[in-house]
Amino acid sequence: MTGAATLSPAVPKPAHVPDAAVYDFDMFADPAYVADPHKRVMDLVQNAPRVFWTPRNGGHWMLMSHAAIFNAARDIEAFSSEIVPQSQIKAMVARLPPGTPHIPQPLPINIDPPDHTKYRAPLNRVFSPKAINALKNDIRALANQLLDRVADKGRCEFMTEVAEPLPVQVFLKMLGLPLERQEEYRAIVKDHLSDPDPDPKNVMKKLLHITAIMRDTMLERRENPRDDIISLLWKTEIDGKPTTMDDMENYGVVLFIAGLDTVMNGIGHGVRHLAMDLPLQDQLRQNPQLVAEATEEILRRYTFTVPPRVVGKDMEFEGLQMKKGERAMLFLPAADLDPKEYANSESVDLKRENKVHIAFNAGPHRCLGSHLARVELQIVYEQVLARLPQFRLDPEHPPTFHCGHIIGVDSLHLTWNS
Ligand code: HEM
C-alpha cells in the first residue's frame, strides 16, 4: 500500500469517548504518514492527545506516550494479546466439519500468560545469544556478497538488492526452508500484513496457506533432523509434552511472519537515515566501534512496529473510559520519540543519556528475535560503511513507504561515486 491509499470510512464515536480524546488518524493510509512516516509520527507526538481514539479502521484506541505504552505492555489483564479470544477460536474450531485441517494460531504472540509462557520457552532457547552469535560470519559474508554486486554501479535500489535478501536468506536458512522460494514467501507475508481490517475467515485462509508451504519441510525434518530451527523445535517439549505437528504449525506461522518482514525494514530506515546524515556516516567510518551504539539509537529514532491489543475489561486508563473488547494499538514509534522520555527526541544523538528504547516492546511479549535483529542490523551498517563510499538518497527517486502494523520501506534509491 503506497502513496495513493484511500482512507477507511470513519465510524461513529462511542458515547463513553470524550470529544477531546478523538483524533482522526488512519494508521494504514494517512497520506502524510505514508509519504514520510516518522515525520508524521513526530507531528502526532507534538499535536495529538497522548492517548486518543480514532474513527478509522473500525474505530480503535492509539496509545502514544512512552509511559502509557510501557504500562499497557505489562498489564495483560487490561490489554490482551488475544485479538480473537481463545474461547471464540475454540468455538469456531468445534463447528468445523470433521477432516478440516488444523487452523494454525500465531503462538506465542497471540496468547496471554500463563499459556503464553509455555509456548515461548522453547523459542527462547532457539534464539539465544549463543545460537545467534554462531551465525555472525555467515551473515557478514552474505552482506559482503550482496554489496559487492552493487558497489561498482554507483547506484542501487537498496531494498531489493540488499535490505530484503539479507535477512530473508539468513532466516530461511535458520528455519531450514528452501531459498529458491524466497520471493513466493515474501509475497505471502506482504499480503498478510497489508490487510487493514482482516476478516477472521480470510486470516485463517492465509495462515493455512503459510502452513501448507512449510508442511513438507516440517515432516521431512521430523524424520531427518538437520541444524535448523524446525529440527530443534521437534526435539523440544511444550509444558512437558512432545511437540506435535499442530504446535509446529503454530510456531511456523509466527516465525514466518516475524522473521520475514521485520529486519529488512529496520535496515531500510537505518540506511535511509545514514544517506541523509553524512556527518554520521563520516563519524562511523572513522570510528566503527560506535556502530553498535548507532544501531540502538537508529532503532529508537525509527521504531517501526505497532503491536495490537484488545481491552481486557471495562476500566479507566490515563483518565479515559475504555470498554472490554475495544481495540488498542501500542504505537511504539511515538513512544520512542516521546520528548518526556528523550530530550531532543528527533535527533540521532549517540551521546544521549537515556539509551533504553522500546522498539522491541516491553513485557511478556518482548521480541524474541531482538538479538538476531541487532546482529543483522549492526553487520549491515558496518559492511555498508566499509564497502560503499559516502552515499546519498537519489534525488530523482525519493524513498517510498507502506504503513500499518509495520512501517515498511518499499524502495530506497541510493547513489554514490563509484
Ligand atoms: C528489527 C527487527 C524486529 C523488530 C523491531 C521486532 C519487534 C517486535 C515487537 C515490537 C514484538 C512485540 C509484539 C507484541 O507485543 O505483540 C515482537 C515480538 C516477537 N518477535 Fe520480533 N522484531 C524484530 C525482529 C524479529 C525477528 C528477526 C524474529 C525472528 C523470528 C522475531 C520474532 C519475534 C517473536 C517470535 C515475537 C513474539 C514474542 C512473544 O509473543 O512472546 N522478531 N517483535
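Above this note sits the structure.
Residues numbered from 1 in each chain as written. Predicted model: local features only at pLDDT ≥ 70, side-chain atom pairs only at ≥ 80, totals over all residues. Heavy atoms only, no water.

This next bit is on the site of the ligand. The ligand sits among 26 residues. The nearest are His 116, Arg 120, Arg 309, His 365 and Cys 367. At a separation of 2.7 Å, an oxygen atom of the ligand approaches a polar side-chain atom of Arg 309. Separating an oxygen atom of the ligand from a side-chain N or O atom of Asn 361 is a distance of 2.8 Å. Top contributing element to the shell around the ligand by residue count: helix α13 (residues 245-260), with 3 residues. Among the residues forming the shell around the ligand, the class breakdown is 17 nonpolar, 7 polar and 2 charged. (Near = heavy atom within 4 Å. Polar contact = N/O pair within 3.5 Å; in protein donor to acceptor, adjacent residues only side chain to side chain. Helix = DSSP H or I, 4+ residues; strand = E, 2+ residues; numbered from the N terminus. Nonpolar A, V, L, I, M, F, W, Y, C, P; charged D, E, K, R; others polar.)

A few words on the coordination of the iron atom of the ligand. Protein coordination of the iron atom of the ligand is limited to a single donor, Cys 367 (SG), which sits 2.3 Å from the metal. When you line up the elements, Cys 367 lands in the loop between α17 (332-335) and α18 (370-387). (Donors = N, O, S within 2.8 Å, 3.2 Å for Na, K, Ca; no water.)

Packed helix pairs are characterised by how far apart their axes lie and by the angle those axes make with each other. Direction vectors running N to C along helix α9 (residues 165-175) and helix α14 (residues 263-276) enclose 155 degrees, while the axes themselves pass 8 Å from each other. Classified by the angle between their axes, α9 and α14 sit roughly antiparallel to one another. Between α9 and α14 lies a crossing of right-handed hand. Contacts between α9 and α14 involve Leu 166, Pro 167 and Val 168 from the first element and Val 263, Met 264 and Ile 267 from the second. The residue makeup of the contact of α9 with α14, split by class, is 6 nonpolar, no polar and no charged. (Axes fitted to C-alpha atoms, helices over the stretch in contact; angles between N-to-C directions. Parallel < 35°, antiparallel > 145°, perpendicular 65-115°, else oblique. Left-handed = near helix turned anticlockwise from the far one by under 90°. Contact = heavy atoms within 4.5 Å.)

Another aspect to go through is the environment of Ala 35. Secondary-structure assignment places Ala 35 in helix α1 (residues 31-35). For Ala 35 and Ser 65, which are 30 residues apart along the polypeptide, the C-alpha to C-alpha distance reads 23 Å.

Attention now moves to the layout of surface pockets. What the second largest pocket holds in volume is close to 490 Å³. Along the walls of the second largest pocket sit 20 residues, with Ala 131, Leu 135, Lys 173, Met 174 and Asp 227 positioned nearest its centre. Class assignment for the residues of the lining of the second largest pocket results in 13 nonpolar, 2 polar and 5 charged. (1 Å grid on protein atoms, 1.4 Å probe; cavity = no way out; pocket = protein on both sides within 12 Å on 5 of 7 lines; lining within 4 Å. Points joined across faces, edges and corners; volume = space filled by probe spheres on them.)

Structurally, Thr 303 is set in the loop between α16 (291-301) and β7 (308-311). Exposure remark for Thr 303: the relative accessible area of 0% places this residue in the buried category. One polar contact links the side chain of Thr 303 to the main-chain carbonyl oxygen of Arg 300, over a distance of 3.1 Å. Aside from chain neighbours lying at most four places away, what touches Thr 303 is His 38, Leu 332, Pro 333, Asp 336, Ala 359 and Ile 407. (Buried < 20%, exposed > 50% of the residue type's maximum accessible area, 1.4 Å probe, protein only.)

Here Glu 396 lies in the loop between β11 (391-393) and β12 (400-402). A relative accessible area of 67% places Glu 396 in the exposed class. The spatial distance from the C-alpha of Glu 396 to the C-alpha of His 413 is 8.7 Å, given a sequence separation of 17 residues.

This brings us to unusual backbone geometry. For the bond running from Leu 107 to Pro 108, omega is 10 degrees, close enough to zero to count as cis. In this structure, Pro 108 sits in the loop between α4 (86-94) and α5 (115-126). Backbone torsion omega between Pro 113 and Pro 114 reads 10 degrees, so that peptide bond is classified as cis. Its identity as a non-glycine residue notwithstanding, Glu 318 has a phi of 50 degrees, on the positive side.

The pairing of strands in a sheet comes from backbone hydrogen bonds and takes either a parallel or an antiparallel form. Taking strand neighbours across the sheet as the criterion, the 5 strands line up as β1-β2-β10-β7-β3 in an open arrangement whose pairing is mixed. One side of each edge strand has no neighbouring strand; the edge strands of this open sheet are β1 (51-54) and β3 (79-80). Where β3 lies against β7, 2 bridges are found, and the strand directions are antiparallel. Looking at the pairing, Ser 80 lines up with Val 310 of β7. (Pairing = 2+ DSSP bridges.)

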